[in-house]
Amino acid sequence: MVKNGDLLFEQIPMVEIDCMKLVQTRAILNYIARKCKLYGKDEKDQVWIDMYVDGTSDLMTLILSYFFMSEADQKKQRQLMRDRALKRYFPVYEKALENHKFLVGEQLSLADVHLLEAILSMEEFHPDILQDFPNLQAFKTRTSEIPTIKKFLEPGSKRKPIADEVYITCVKEVLF
Ligand SMILES: N[C@@H](CCC(=O)N[C@@H](CS)C(=O)NCC(=O)O)C(=O)O
């Protein structure tokens, strides 16, 4: 794939869709969001969706880098993730969801899907992370019940499982 140019910048992820081989995470997400009407109703909705998605992406980056750290660094990273979620990111989403079912424009968007993924990933490390965020708790329950999302979250679906030793070793061999 690298040699035949399918990976435009020699990086993953790559998604094959509509006879195209797409790379760059944000470009892929935005294409699918537009196609599936998950990108708001106008430019103002879109910029809010972008801001929320970039926030959750920053939180997810802390989580993803955890798996490739030494044990000593992992301990610090676990604490950093918790602090950032509790003090920087979750309060923003908690407030946005006050009296609203979804983050932007009263309809499901990419920002909601991204937030749900960040919540579920954080809970793998800190199961109590939502205890002081009632709006996020309700949001998690509500969005997890959307039939397509519910199916995706079921065991055996295409959702990537949490990284195990085999996966981490394989990624290190390929990338480092
Ligand atoms: N900006 C790219 C970054 C992708 C990226 O960093 N991919 C890593 C794996 S997670 C990779 O392929 N690294 C190999 C390399 O950069 O040579 C995106 O958002 O998709």
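The structure displayed is predicted, hence computed values, not measured ones. (Residues numbered from 1 in each chain as written. Predicted model: local features only at pLDDT ≥ 70, side-chain atom pairs only at ≥ 80, totals over all residues. Heavy atoms only, no water.)

1. As for the domain arrangement of the chain
The line we're drawing: For the domains described, the bounds stem from an automatic or database domain assignment. Only heavy atoms matter for contacts: two residues are in contact if any of them lie within 4.5 Å across the pair. The term buried area denotes the loss of accessible surface (1.4 Å probe radius) that occurs when two parts are joined, taken as the sum for both partners. Each reported salt bridge corresponds to a side-chain nitrogen of Lys or Arg within 4 Å of a carboxyl oxygen of Asp or Glu. Identification of polar contacts relies on pairs of N or O atoms within 3.5 Å, with a donor-acceptor requirement for protein atoms, meaning one able to donate a hydrogen and the other able to accept it, and with residues adjacent in sequence counted only if both atoms are side-chain atoms. Put simply, Ala, Val, Leu, Ile, Met, Phe, Trp, Tyr, Cys and Pro go in the nonpolar bin, Asp, Glu, Lys and Arg in the charged bin, and everything else, Gly too, in the polar bin.
Segmentation of the chain into domains returns domain 1 (1-36) and domain 2 (43-153). Each of domain 1 and domain 2 was reduced to a C-alpha centroid, and the two centroids are 24 Å apart. With 4 residues of domain 1 at the interface, the matching set in domain 2 holds 5 residues. A per-residue breakdown of the area domain 1 buries against domain 2 is headed by Arg26, Leu29 and Ala33, which together make up 86% of the total. The tally of links between domain 1 and domain 2 comes to 2 salt bridges. With a shortest N-O distance of 3.0 Å, Asp50 and Arg26 are connected by a salt bridge. Applying the counting criterion to the domain 1 and domain 2 interface returns 2 residue pairs in polar contact (both at pLDDT 80 or more). When its residues are assigned to classes, the side of domain 1 that touches domain 2 shows 2 nonpolar, 1 polar and 1 charged.

2. Brief notes about the nonpolar core
For clarity, the threshold we go by: Take the buried Ala, Val, Leu, Ile, Met, Phe, Trp, Tyr and Cys residues and link them wherever side-chain atoms come within 4.5 Å; each set so joined is a nonpolar core. Relative accessibility thresholds used throughout: buried, under 20% of the residue-type maximum; exposed, over 50%; partly exposed, between the two (1.4 Å probe, protein chains only). The helix and strand labels rest on DSSP assignments: H or I over at least four residues marks a helix, E over at least two residues marks a strand, and numbering proceeds from the N terminus.
Counting 36 residues, the largest nonpolar core has Leu59, Phe90, Tyr93, Leu103, Leu115, Met122 and Leu136 as its most contacted members. Considering every element that reaches this core, the biggest residue donor is helix α4 (residues 110-125), with 9 residues.

3. Section: the site of the ligand
So the rule is basically this: The nearness test applies per residue and asks whether one of its heavy atoms lies within 4 Å of the molecule or strand. Here, Shrake-Rupley sampling with a 1.4 Å probe gives the accessible areas, and only protein chains in the shown set may cover a residue.
Neighbouring the ligand are Glu10, Gln11, Ile12, Pro13, Gln24, Thr25 and Leu175. Within the side chain of Gln11, an N or O atom sits 3.0 Å from an oxygen atom of the ligand. A distance of 2.7 Å separates an oxygen atom of the ligand from a polar atom in the side chain of Thr25. With the chains in place, 53% of the 510 Å² that the ligand exposes on its own is no longer accessible.

4. What to know about the side chain of Glu94
The line we're drawing: In this tally, Asp and Glu contribute negative charge and Lys and Arg positive charge; neither His nor the terminal groups of the chain are included.
With respect to the helices and strands, the residue Glu94 is situated in helix α3 (residues 71-96). For Glu94, which is buried and forms no salt bridge, the nearest opposite charge comes from Arg142, at a distance of 9.4 Å. Engagement of the side chain of Glu94 in a polar contact is seen with the backbone nitrogen of Leu136, the distance being 3.0 Å. Residues within four places of Glu94 in sequence aside, it is in contact with Phe133, Pro134, Asn135 and Leu136.

5. A few points about the pairing of strand β1 (residues 14-17)
Definition in use: Two strands qualify as a pair provided DSSP detects at least 2 bridges between them.
Sheet topology places β1 next to strand β2 (residues 20-23); 4 bridges connect them, and they run antiparallel. If you follow Val15 over to β2, its bridge partner there is Leu22. The hairpin formed by β1 and β2 contains 2 residues between the paired strands, and Asp18 there has a positive phi angle of roughly 50°.

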